[in-house]
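Tertiary structure, described
Read off the chains here:
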Amino acid sequence: MNRQDYLNRLQLTLEASDFGPVEEAISYFNEILEDRIQEEGMDEEAAIATMESPEEVARKLVHSKSSAAADPAPEPAPADEPFISGVRIINARAEQVRKIIIKDRNMRLKIRGWSREDIELQHPKTERIRYDFSLQDGEMALIRQPMEFSFNLLLFKNSDPSMREVNLFVPYELAAEMDLRTSNGRLDAKNFALWGKASFITSNAKMDVENVGAKDLLIKGSNGAIDLEKIQSKHSLTVTSSNGKIKAEKIHAPDAVTLSTSNARITVEDVDTAVLQMGTSNGRIEGKLPGRRSDYSIVSGTSNGKNNLPRQQQGGSKSLSAKTSNGRIEVNFREGD
Amino acid sequence: MDIQLKRGLTEICVLALLARGDSYGYRLAKDSEQLLPMSESTLYPVLKRLQEAGAVDSYSTEYAGRLRRYYTLTPEGWAQMQAFITEWEQLGRVYDFVVRVKEQKNQQPTGGTP
């Protein structure tokens, strides 16, 4: 490889990532090579042989940009040595963290409150499952690296469960927000309260959120049941899905609770809020709400099925909306009508 | 080493190297070798950050028939070096205290407080 090849490869790799303008970096590395050649009296090939590969340089530059941490990225295993797989464990002091971000895919995500006061993140690490981790300015981020070209379906046959799961442990109470996202994997959150807002997203898998508090909660799934129990939101709870049923039990979110899905039912029990909106299609809506029916202003309707709620009722201090098609509506009230 | 600490150390090393005189990418990487080895790909983002923070400035000048980019320390860079020294003097006192307490404890019979 000569200097021009090296720089071309660096440029291509940087441009393929979201590094931003590359000219400055290219001219920097061009200078480095020229100086190395001149000052060490090396020829181009030899100078390049002593450098990191263009791909490795690009990876570190992108990494340092996304994490802004000067910590050099871990060295990749040389090609002729087997990559050491395992579970990486990262710890952080809770007071260092104001926001936790996980952007993953094809991975289960488990979040648990624990009695310790630090935060622990466990993620698998293999030749094909790689992450960028950063902790800077209060933001703790675990970002799954883009798919490599040598993508192999055998990946999903990995039998060790620890290699298919990211675990996040946090103190029971944490002054931070969470923005967690995966796909094709179950998301399961239990026993913690956040001072900030929380957003949990996955697809094609079940979601379980139990005994969780936050300033505001957004839960998004698809093609999998969403099961919520004992949720305390300071403001609102928003749950959206498609083709997945939603069950919400013991919910307290004073401002609003919105539950929306399709082709599946919605079940509520003791959802305490000022504005409750439930919408689905081809599925029933059922459950039990606190107070009396007369506490609510109601709008309800189904195109095909029984409905025990008035289609329209005014006057209550709270608002309830229940809409579906091809399904019945049966919502009762703790203290009767 | 703690990421944040390491980050701070790489930055202060670059500042100190530049305090000896203006320098350029390849030379900085080489000069860092005895102290805290940094590859060019580690050094580049550090220089970028320092420039963004106004601690370092750069200029191009002709050398052997081509342009070479030199980096130079700004007054803000000098101020950061002074701040580093002040901070670490304080850390040094804490370090001394911790070591002293541990030594005293080691001299006492185990488990007992006098």
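Use the structure listed above.
Residues numbered from 1 in each chain as written. Chains lettered and ligands numbered in written order. Predicted model: local features only at pLDDT ≥ 70, side-chain atom pairs only at ≥ 80, totals over all residues. Heavy atoms only, no water.

With respect to the overall build of chain B
Test applied: A run of H or I in DSSP counts as a helix once it spans at least four residues, and a run of E counts as a strand once it spans at least two, with each numbered from the N terminus. Only protein chains enter the calculation, and the probe is 1.4 Å; a residue is then buried if its accessible area is under 20% of its type maximum, exposed if over 50%, and partly exposed in between. It only takes one pair of heavy atoms within 4.5 Å for two residues to be counted as in contact. Accessible surface area values rest on a Shrake-Rupley calculation with a 1.4 Å probe, where residue burial reflects the displayed protein chains alone.
For chain B, the helix and strand inventory stands at four helices and three strands. In sequence order, chain B lays out its α and β elements as α-β-α-α-β-β-α. The proportion of buried residues among the 114 residues of chain B is 37%. Considering only contacts in chain B between residues 6 or more positions apart, those separated by 24 or more positions represent 50%. Summing over all exposed atoms, chain B offers an accessible surface of approximately 7000 Å²; the carbon and sulfur share of this is 55%.

Digging into the packing of helix H1 (residues 3-16) of chain A against helix H2 (residues 23-40) of chain A
All names here are of chain A. The condition is simple: Orientation is described by lines fitted to C-alpha atoms, with helices fitted over the stretch in contact, and by angles between N-to-C directions that extend from 0 to 180 degrees. The scheme is simple: roughly parallel for angles under 35 degrees, roughly antiparallel for over 145, roughly perpendicular for 65 to 115, oblique for anything else. If you view the pair so one helix is near and one far, a crossing is left-handed when the near helix is turned anticlockwise from the far one by less than a right angle, and right-handed when it is turned clockwise. Note on residue classes: Ala, Val, Leu, Ile, Met, Phe, Trp, Tyr, Cys and Pro are nonpolar, Asp, Glu, Lys and Arg are charged, and everything else, Gly too, is polar.
Running from N to C, H1 and H2 point in directions that differ by 155°, and their axes come no closer than 10 Å. Relative to H2, H1 is oriented roughly antiparallel. Like other packed secondary-structure pairs, H1 and H2 cross with a definite hand, here right-handed. Here H1 contributes Arg-3, Tyr-6, Leu-7, Leu-10, Gln-11 and Leu-14 to the contact with H2, which in turn contributes Ala-25, Ile-26, Phe-29, Asn-30, Leu-33, Glu-34 and Ile-37. Of the residues contributing to the contact of H1 with H2, the split by class is nine nonpolar, two polar and two charged.

What to know about the pairing of strand E21 (residues 296-302) of chain A
Side-chain positions along a regular strand alternate between the two faces of the sheet. Residues and elements named next belong to chain A. For the record, the criterion: Pairing between two strands requires that DSSP report at least two bridges joining them.
Extensive coverage of E21 is indicated by the burial of five of its seven residues. Pairing of E21 with strand E23 (residues 318-324) involves seven bridges; the strand directions are parallel. Within E23, the position partnered with Ile-298 by the bridge is Leu-320. Inspection of the sheet shows E21 paired to strand E22 (residues 312-313) by two bridges, in the antiparallel sense. Of the residues in E22, the one forming a bridge with Val-299 is Gln-312.

These figures come from the coordinates and say nothing about function on their own.
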